[in-house]
Amino acid sequence: MALINTACQLRILRICAGINFADATIFIAVASILATFDIDKPLDKDGNEAEPEAFYGPGLVSRPDGFKCIIRPRSSDKAKLIKTGTEELPW
Ligand code: HEM
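Residues numbered from 1 in each chain as written. Predicted model: local features only at pLDDT ≥ 70, side-chain atom pairs only at ≥ 80, totals over all residues.

Recorded under Cofactor (unreviewed entry), the UniProt text for the chain is reproduced unchanged: "heme". The UniProt entry for the chain carries the following text under Subcellular location (unreviewed entry): "Membrane". (UniProt positions renumbered as here; feature names shortened; annotations may be inferred.)

Q: Could you give me a rundown of the overall build of the chain, with the residues and numbers involved?
A: A count of helices and strands for the chain gives three helices and two strands. Counted from the first residue to the last, the chain has its helices and strands arranged as α-α-β-β-α. Expressed along its principal axes, the backbone C-alpha trace of the chain runs to roughly 55 × 35 × 20 Å. Buried positions account for 0% of the 91 residues belonging to the chain. (Helix = DSSP H or I, 4+ residues; strand = E, 2+ residues; numbered from the N terminus. Buried ≥ 20, exposed ≤ 12 C-beta atoms within 10 Å, placed from the backbone.)

Q: How would you sum up the environment of glycine 57? Please name residues and give values.
A: Take glycine 57: it is sitting in the loop between strand E1 (37–40) and strand E2 (70–73). Not counting the four nearest positions on each side in its chain, glycine 57 is found in contact with Ser62, Arg63 and Asp65. (Contact = placed C-beta atoms within 7 Å.)

Q: So what about the UniProt feature "transmembrane region" (unreviewed entry) in the chain? Which residues, and what values?
A: Per the UniProt annotation, the sites labelled "transmembrane region" (unreviewed entry) are residues 12–37. Strand forms 4% of residues 12–37 and helix 69%; the C-alpha atoms that close the span are 40 Å apart.

Q: Lay out unusual backbone geometry in plain terms, naming residues and giving numbers.
A: Negative phi is the rule for most residues except glycine; trans is the rule for most peptide bonds. For arginine 11, which is not a glycine, the phi torsion comes out positive at approximately 60 degrees. Checked against the element boundaries, arginine 11 lands in the loop between helix H1 (2–9) and helix H2 (19–36). In this structure arginine 11 comes out as exposed when scored by C-beta crowding, with 7 C-beta atoms within 10 Å.

Q: Talk me through the environment of aspartate 40; I want residue IDs and the actual numbers.
A: On the secondary structure map, aspartate 40 appears in strand E1. Apart from residues no more than four positions distant in its own chain, aspartate 40 is found in contact with Cys69 and Ile70.

Shown next, in the form of C-alpha cells:
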C-alpha cells in the first residue's frame, strides 16, 4: 500500500476511482464465502490431511497457482441458501 501511495504522490499512478467499491465488494465476497463454506486441507491417499503446496505465478499481478483443497457447505441450511442464491441470481 505504501508503494501505491508513493506512486500516486509522484503522479505515476492515478488513484483508482473504484477503490471503496472494490474494497467493499471484496470484503462482502470473502465474508460470504467464509459464512457459507468450510475450506479444508486436501486428504492424501490414506485419508489423512495433507499440507497443500503453494506456488505463486510470475508477473505484475501475482496469484497462487492451482492447489487442492476441500470446499463444502458449512451445513445443510447453508447448502440450501447457496442453492437458492444460485437459482435466484444465476449470473
Ligand atoms: C479489485 C479491483 C480494482 C483494482 C485492483 C483496481 C486498480 C486500479 C489501479 C491500479 C488504477 C490506477 C491505474 C493507473 O493510474 O495506471 C485504477 C484506476 C481506476 N479505476 Fe480501478 N481498480 C479496481 C476496481 C475498480 C472499480 C470497481 C472501478 C469502477 C467502478 C474502478 C475505476 C477506476 C477508474 C475510473 C480509474 C482511473 C482513475 C483516474 O485515472 O483518475 N476500479 N484502478
